[in-house]
Amino acid sequence: MGEVLHVRDYRAYFHTRRGIVKAVDGLNFNLSAGETLGIVGESGSGKSVFLLSLLGLLPKPPLRIESGSAQFGGMDLVTASEDTMRSIRGNKIAMIFQEPMTSLNPYLKIGTQLIEPLMIHRNKTKDEAFKIVKGSLLKVGIGDPDRALNAYPHEFSGGMRQRVMIAMALTTHPEILIADEPTTALDVTVQAQILELLKSIQKETGMAVILVTHDLGVVAGVADRCLVMYAGKLFEQGSVDDIFYRSQHPYTHALLKSTPRLDKALAALPSIAGTAPDLSKLGPGCPFDARCEYVKEECRNSFPTAKRTEEHESFCHLEKLP
Ligand code: SF4
């Protein structure tokens, strides 16, 4: 599969009155067509800031891209003009969010919200736009598209609204779909249906998906590869098997231990002790040092360099977990 996104040494900092907040600090990864990449980490790990900044959706200032590149379709998204970014956003790279109501206008019928953008931004006639939208709604499992187009968002359940958002994203045949916690607000059965839907659409269209989540269970179910972030830094990346079965990184292990499993009965689910560090006060070392049970002197002095085995990359001073 061809590569669609190539990110190197990506650093995005917020310059605030309180100091410099290193929200994303040295991200490297590749994304291939047809692949699902899960980006996991706790709140504040930088996963959403990375994606929003990549699409030029965060105000500059206070945000500044300090270094790096993000090659997509023969251009660098870091240096692309606002006009270029406008033409990429929602077209070649589409995004769906956790709560569809933040993107859907409650006062407008679904039809208006799906058809008009195609007429205005893609110069489609009303008939052409109608046909495309109907096809997309059918593709996401909305069996009666005519009724859906005449309805208001509040007439749908959360799961159906998320299907509408996916349909909206598909109307432009994106090369990459960014899904930011797309199932967090849904109950488990609907979550499974939406993830299954994304997988089948991906199989049919060959689009790449970046799935942002704090839930390793979701990653295990649908992702091909996984990237673990903490405090703006890349801690580990590899295939889902690398992360779930071969990881030697203390943070990944702590995340895995705090993920519910069907095959293990637990009285209480362990949580990771402590809290994430203040990103404006990070030292030169590993930002997980205050919470890591294996911390040693060198962890406080320098951030580890990458240990690599083929596609598996891990950043930790520890050779092997005891
Ligand atoms: Fe823990 Fe040190 Fe590894 Fe960071 S580098 S995860 S503090 S052992």
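Below you will find a few notes about this structure. (Residues numbered from 1 in each chain as written. Predicted model: local features only at pLDDT ≥ 70, side-chain atom pairs only at ≥ 80, totals over all residues. Heavy atoms only, no water.)

Concerning unusual backbone geometry
Note that the residue after lysine 60, namely proline 61, is joined by a cis bond; omega there is -5°. Among the secondary structure elements, proline 61 is positioned in the loop between α1 (47–54) and β4 (63–72). Residue proline 62 is bonded to the preceding proline 61 through a cis peptide linkage, with omega at 10°. Mapped onto the fold, proline 62 is located in the loop between α1 and β4. At asparagine 123, a position not held by glycine, the phi torsion is positive, near 55°. Inspection of the secondary structure assignment puts asparagine 123 in the loop between α3 (110–121) and α4 (126–139). (Helix = DSSP H or I, 4+ residues; strand = E, 2+ residues; numbered from the N terminus.)

Considerations on the sheet that holds strand β1 (residues 3–16)
Through backbone hydrogen bonds, the strands of a sheet pair up, either in parallel or in antiparallel fashion. Strands sit in the order β2-β1-β4-β5 across an open sheet of four strands; the sheet is antiparallel. Of all strands in the sheet, those with a lone pairing partner are β2 (19–32) and β5 (75–76), marking the two edges. The sheet strands contacting α1 are β1, β2 and β4, and the helix crosses β1 at an angle near 105°. (Pairing = 2+ DSSP bridges. Contact = heavy atoms within 4.5 Å. Axes fitted to C-alpha atoms, helices over the stretch in contact; angles between N-to-C directions.)

Notes on the side chain of serine 45
Relative to the helices and strands, serine 45 resides in the loop between β3 (36–40) and α1. At a separation of 2.8 Å, a polar atom in the side chain of serine 45 contacts the main-chain carbonyl oxygen of glutamate 42. Excluding its chain neighbours within four sequence positions, the residues that come into contact with serine 45 are Ala23, Met229, Tyr230, Ala231, Gly232 and Lys233. (Polar contact = N/O pair within 3.5 Å; in protein donor to acceptor, adjacent residues only side chain to side chain.)

Some remarks on the site of the ligand
Lining the immediate surroundings of the ligand are His249, Pro250, Cys286, Phe288, Asp289, Cys292, Tyr294, Cys299, Pro304, Cys316 and His317. Using a 2 Å cut-off from the grid points, one finds that the ligand occupies the largest cavity. (Near = heavy atom within 4 Å. 1 Å grid on protein atoms, 1.4 Å probe; cavity = no way out; pocket = protein on both sides within 12 Å on 5 of 7 lines; lining within 4 Å. Sits in = over half its atoms within 2 Å of the grid points.)

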